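What the coordinates show
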Amino acid sequence: MTTSNTGTGDMQPEVRQELERLRDSIDNIDAAVVHLLAERFKATQQVGRLKAVHQLPPADPGRESRQIERLRRLAENAKLDPAFAEKFLNFIIAEVIRHHERIAEDTANAQSVDG
Ligand SMILES: C=C(O[C@@H]1C=C(C(=O)O)C=C[C@H]1O)C(=O)O
């Protein structure tokens with residue numbers, strides 16, 4: 001067992017209060033991020049269905065490059081590490097492309113069953 005302080009038990013009341021205030025703010029921001037991501041995925045699911053019906057490819061590398069450039073610029077202006085912003089967007093886009101591949105597969109299977 002270590003002696004390091006990992007909890008909030010033995011903290012001065014002012015420090016505890018400030019920590020709670022900051023953590024409340026972090027919780028609100030995390031909730032906003034989840035809601036924004038949910039909205040983004042709702043929109044990308046619609047793009048996925050549109051692409052599947054019109055037999056367009058799941059990924060669009062040109063669009064992705066433009067988004068990454070734009071997000072890096074926004075990050076720099078907001079004093080956020082642009083490399084982190086790029087990694088974060090790439091992580092989300094990879095998940096979206098997986099969804100689009102699945103939608104394309106399901107759509108193709110449904111069309112072959114329908115004849
Ligand atoms: C949502 C799209 O599909 C893919 C996912 C993207 C995204 O999550 O922003 C961007 C380009 C595509 O690779 C799209 O083509 O707009």
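Residues numbered from 1 in each chain as written. Predicted model: local features only at pLDDT ≥ 70, side-chain atom pairs only at ≥ 80, totals over all residues. Heavy atoms only, no water.

**Here we look at the pattern of salt bridges**
A complete count under the given rule lists four salt bridges for this structure. A salt bridge links Glu18 to Arg21, with the nearest nitrogen and oxygen atoms 3.1 Å apart. Placement of both Glu18 and Arg21 in helix α1 (residues 13–53) is noted, with a separation of three residues, approximately one turn of the helix. With a relative accessible area of 37%, Glu18 lands in the partly exposed category. (Salt bridge = Lys/Arg side-chain N within 4 Å of Asp/Glu carboxyl O. Helix = DSSP H or I, 4+ residues; strand = E, 2+ residues; numbered from the N terminus. Buried < 20%, exposed > 50% of the residue type's maximum accessible area, 1.4 Å probe, protein only.)

**Describing helix α2 (residues 61–77)**
With 17 residues, α2 should reach 24 Å at 1.5 Å per residue; the first-to-last C-alpha distance of 24 Å fits that figure. The inward-facing, buried residues of α2 abut α1 and α3 (82–114). Lys79, located one to two residues past α2, shows a positive phi value of around 60°. (Expected span 1.5 Å × (residues − 1). Contact = heavy atoms within 4.5 Å.)

**Things to note about the UniProt feature "domain: Chorismate mutase" (unreviewed entry) in the protein**
According to UniProt, the feature "domain: Chorismate mutase" (unreviewed entry) maps to residues 13–104 in the numbering used here. As annotated, residues 13–104 has a helix share of 88% and a strand share of 0%, and its two end C-alpha atoms lie 56 Å apart. (UniProt positions renumbered as here; feature names shortened; annotations may be inferred.)

**What to know about the site of the ligand**
Close to the ligand lie 14 residues; Arg40, Lys51, Asp60, Glu64 and Gln67 are nearest. At a separation of 2.7 Å, an oxygen atom of the ligand approaches a polar side-chain atom of Lys51. One of the side-chain nitrogen or oxygen atoms of Gln67 is found 2.8 Å away from an oxygen atom of the ligand. Here the ligand loses 91% of its free accessible area of 360 Å² to cover by the protein chains. Given that more than half its atoms are within 2 Å of the pocket grid, the ligand belongs to the largest pocket. (Near = heavy atom within 4 Å. Polar contact = N/O pair within 3.5 Å; in protein donor to acceptor, adjacent residues only side chain to side chain. Areas by Shrake-Rupley, 256 points an atom, 1.4 Å probe, with all protein chains shown as cover. 1 Å grid on protein atoms, 1.4 Å probe; cavity = no way out; pocket = protein on both sides within 12 Å on 5 of 7 lines; lining within 4 Å. Sits in = over half its atoms within 2 Å of the grid points.)

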